[in-house]
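# Structure assessment
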Amino acid sequence: MPVNLKIIFKLLLSLGITVVFLWAAFRSVDLTLLWDTMRQADPFWLVACAFLFILAVPPRAWRWKILLRPVASDITLWRTSVATLIAYAGNNVFPRAGEIARVMETKRGRDISLSAILATVLVERVIDLIALLTLFGAILFTLREEIGRVFPWMEGVAIAAFAGSLLLLVLFGLLSTYGDRALTLVQNSVGRLSQKLAERLVEILKALFKGLGSVKGTSGYAGILLSSILLNCIYILATYVTFLSFGFSSYELGILDAVVIMVISTVGVIIPTPGGTGTYHYFCSQALYRIYDVPLAEALAFATVVHGIVFITYLIAGGPGLIRLLFQNQLSKTD
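Right, let's talk about helix H3 (residues 43–55) for a bit. Under the 1.5 Å per step criterion, the end-to-end length of H3 is 18 Å for 13 residues, consistent within 8% with the ideal 18 Å. For H3, the set of buried residues is Leu 46, Ala 48, Cys 49, Leu 52 and Phe 53. Axial view of H3: buried residues confined to an arc of 155°, hence all on one face. Turned more than 90 degrees from where H3 packs its buried face, Pro 43, Phe 44, Val 47 and Phe 51 sit exposed. At the N-terminal end of H3, a side-chain oxygen is found 3.0 Å from the backbone nitrogen of Phe 44, two or three residues along, and the residue is Asp 42.

Dropping the structure here:
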């Protein structure tokens, strides 16, 4: 399939998923009541929510800066923060496009291997997945019956994802411990089937090995752990302050309940739609409605406002950088 057709197909598929989830989320809600509920939200806490989502950028940028040490030791926290904002803006337009955009932004003006930068992105995504699964395991321990009733498939998917991330961790460990010997073993084993495939796989693993170089040592592990904890704490706090905006204290929703909603909503965002549109609305509202008995109109109003804050905040903060990057990339192609 030609590249352009692949892109069109992925875009149509993503838009199709978005429409399905938006329909599922909004089909049973009185839109007038939804709008009235949104208007009653306390703007002070909504501004605080937007501020917290901006505040979440430096921890992620710091973590990525740590991973980039072996390939771009002189890169600044400002540069990784800008690249992160560009990535968020890009993901609002096209699912996963932001990851490519931040790789391009990081490489801009630098003699760095694209595969090496992509390897750090892969490592970071695995770290995100492990953090999410850790939190999900904790909430599943306390709310297994409730989550199973609302999302009966979620536990099985989490177990499969955990197994996959565990395999990746084993691969990372082997690469970090044995290095070239592990690569030689892979090349010899896969080379029996296809030498071309073996060479390509080894090239990818070499880039991955380079991306793992920064994880070695106490400072690398400590920095990644601390930045990941800070990042997730900020996301949880952003969810909680929006509870305050909507007066959800009347439903006795506290900070631990914010953890549950944040985790379940994040599972929805993993599904490839532009900026999590549709999937976030459905997962977030259904969790509030069916686990905590929040009226559906209020639950969906909450999901719509939080998604809107995230979408607009990152589009404003990262959009100009994304446009500049695309414009410069277009100019380089015409030179």
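Additional details are given in the paragraphs that follow.
Another aspect to go through is the packing of aromatic side chains. Applying the stated criterion across every chain yields a total of 14 aromatic pairs. Their ring planes at 40° and their centres at 5.8 Å tell us that Phe 246 and Phe 248 sit as a pair that is tilted. Geometrically, the ring pair formed by Tyr 282 and Phe 283 is edge-to-face, given 5.7 Å between the ring centres and 85° between the ring planes. For Tyr 282, a relative accessible area of 21% translates into the label partly exposed. On the basis of relative accessibility, which here comes to 2%, the residue Phe 283 falls in the buried class. Each member of the aromatic cluster is reached from another via a ring pair, and the members are Phe 243, Phe 246, Phe 248, Tyr 251 and Phe 302.

This brings us to the nonpolar core. Counting 62 residues, the largest nonpolar core has Ile 264, Leu 288 and Phe 302 as its most contacted members. For this core, the element with the highest residue contribution is helix H14 (residues 296–334), accounting for eleven residues. Excluding residues within four positions of it along the chain, Phe 302 makes contact with Thr 239, Thr 242, Phe 243, Phe 246, Phe 248, Ile 261, Cys 284 and Leu 288. Membership of the second largest hydrophobic core comes to 16 residues, among which are Trp 64, Leu 68, Ala 116 and Ile 127.

Interaxial distance between helix H4 (residues 57–68) and helix H7 (residues 114–150) falls to 10 Å at its minimum, and their mutual angle equals 130°. Compared by their axis directions, H4 and H7 come out oblique. In this structure, H4 crosses over H7, and the sense of that crossing is right-handed. Where H4 approaches H7, its residues Arg 60, Arg 63, Trp 64, Leu 67 and Leu 68 are matched on the opposing element by Ile 117, Thr 120, Val 121, Val 123, Glu 124, Arg 125, Ile 127 and Asp 128. Split by residue class, the contact of H4 with H7 holds seven nonpolar, one polar and five charged.

Our focus in this paragraph is the pattern of salt bridges. Inspection of the entire model under this criterion finds eleven salt bridges. As a salt-bridge pair, Glu 99 and Arg 102 come within 2.9 Å of each other at their nearest N and O atoms. Here Arg 102 and Glu 99 lie together in helix H6 (residues 97–107), a separation of three residues that amounts to about one turn. Accessibility assignment for this pair places Glu 99 and Arg 102 in one class, buried. Here Arg 102 makes a salt bridge to Glu 124, at a shortest N to O gap of 2.4 Å. Here Glu 124 lies in helix H7 and Arg 102 lies in helix H6, a separation of 22 residues in the sequence. Comparing Arg 102 with Glu 124 shows no difference in burial state: the two are buried. Salt bridges here are not isolated pairs; linked through shared partners, they connect Arg 60, Arg 63, Glu 99, Arg 102, Glu 124, Arg 125 and Asp 128.

Looking at the protein, the pLDDT average stands at 84 and 88% of residues meet or exceed 70. By mean pLDDT, helix H10 (residues 195–211) is the weakest element of the protein at 69, and H3 is the strongest at 97.

This part covers unusual backbone geometry. In the Ramachandran plot, Glu 252 falls in the positive-phi region, its phi being about 60° despite a non-glycine side chain. Within the fold, Glu 252 resides in the loop between helix H11 (218–245) and helix H12 (255–270). Owing to a relative accessible area of 71%, Glu 252 belongs among the exposed residues under this scheme. With phi around 60°, Asp 293 is a residue other than glycine that occupies positive phi space. As for its placement among the helices and strands, Asp 293 is situated in the loop between helix H13 (279–292) and H14.

Further remarks concern a nonpolar patch on the surface. Side chains of Leu 5, Ile 8, Leu 11, Leu 12 and Leu 15 sit close together on the surface and give an oily, nonpolar patch of about 440 Å² of accessible area. One can find Ile 8 in helix H1 (residues 3–26).

With twelve residues, H4 should reach 16 Å at 1.5 Å per residue; the first-to-last C-alpha distance of 16 Å fits that figure. With respect to burial, H4 is a largely interior element, nine of its twelve residues being buried. Buried residues of H4: Val 57, Pro 59, Arg 60, Ala 61, Arg 63, Trp 64, Ile 66, Leu 67 and Leu 68, and no others.

To continue, consider the environment of Tyr 292. Position of Tyr 292 among the secondary structure elements: in helix H13. The buried category is assigned to Tyr 292, whose relative accessible area is 15%. In this structure, the C-alpha to C-alpha distance between Tyr 292 and Leu 253, residues 39 residues apart in sequence, is 8.1 Å. Excluding residues within four positions of it along the chain, Tyr 292 makes contact with Leu 143, Leu 253, Asp 257, Val 260, Ile 261 and Ala 287.

Quick notes on the rules
Per chain, residues are indexed from 1 in the order of the written sequence. Selection of residues for local features in this predicted model requires a pLDDT of at least 70, selection of side-chain atom pairs for listing and counting requires 80 or more, and totals for whole chains, interfaces and linings are taken over all residues. Each side-chain value is worked out from all heavy atoms of the structure, with water and hydrogens disregarded. By the criteria applied, helices consist of DSSP H or I runs no shorter than four residues and strands consist of E runs no shorter than two, each listed in order from the N terminus. Here the expected span of a helix is defined as 1.5 Å times the quantity of residues minus one. For every residue, the accessible area obtained with a 1.4 Å probe (protein chains only) is divided by the maximum for its type, and the residue is called buried under 20%, exposed over 50%, and partly exposed between those limits. Arc definition: it is the arc formed by the directions from the helix axis to the C-beta atoms. Whenever two N or O atoms come within 3.5 Å, that pair is a polar contact, provided that in protein one can donate a hydrogen and the other can accept it, and provided that, for residues adjacent in sequence, both atoms are side-chain atoms. Only rings of Phe, Tyr and Trp enter the pairing, Trp through its six-membered ring, and a pair is recorded when the two centres are within 6.5 Å. The plane angle decides the type: under 30 degrees is stacked, over 60 is edge-to-face, the rest tilted. Among buried residues, the Ala, Val, Leu, Ile, Met, Phe, Trp, Tyr and Cys ones that are joined through side-chain atoms within 4.5 Å form a nonpolar core. By the convention used here, residues are in contact when the closest approach between their heavy atoms is within 4.5 Å. For every element, the axis is a line fit to its C-alpha atoms; helices are fit only across the contacting stretch, and the angle between N-to-C directions ranges from 0 to 180 degrees. For classification, angles of less than 35 degrees are called roughly parallel, those exceeding 145 degrees roughly antiparallel, those between 65 and 115 degrees roughly perpendicular, and all remaining angles oblique. Here is the rule for handedness: rotate from the far helix to the near one, and if that takes an anticlockwise turn smaller than a right angle the crossing is left-handed, while a clockwise turn gives right-handed. For this classification, Asp, Glu, Lys and Arg are treated as charged, while Ala, Val, Leu, Ile, Met, Phe, Trp, Tyr, Cys and Pro are nonpolar and the rest, including Gly, are polar. One speaks of a salt bridge when a side-chain nitrogen belonging to Lys or Arg is within 4 Å of a carboxyl oxygen belonging to Asp or Glu. Scored from 0 to 100, pLDDT records how confident the predictor is in each individual residue. Patch membership requires more than 30% relative accessible area and the absence of a salt bridge. Residues of like charge join within 9 Å; the nonpolar side chains Val, Leu, Ile, Met, Phe, Trp and Tyr join within 5 Å. In these tables, accessible area is a Shrake-Rupley quantity obtained with a 1.4 Å probe, and a residue counts as shielded only by the protein chains included in the view.

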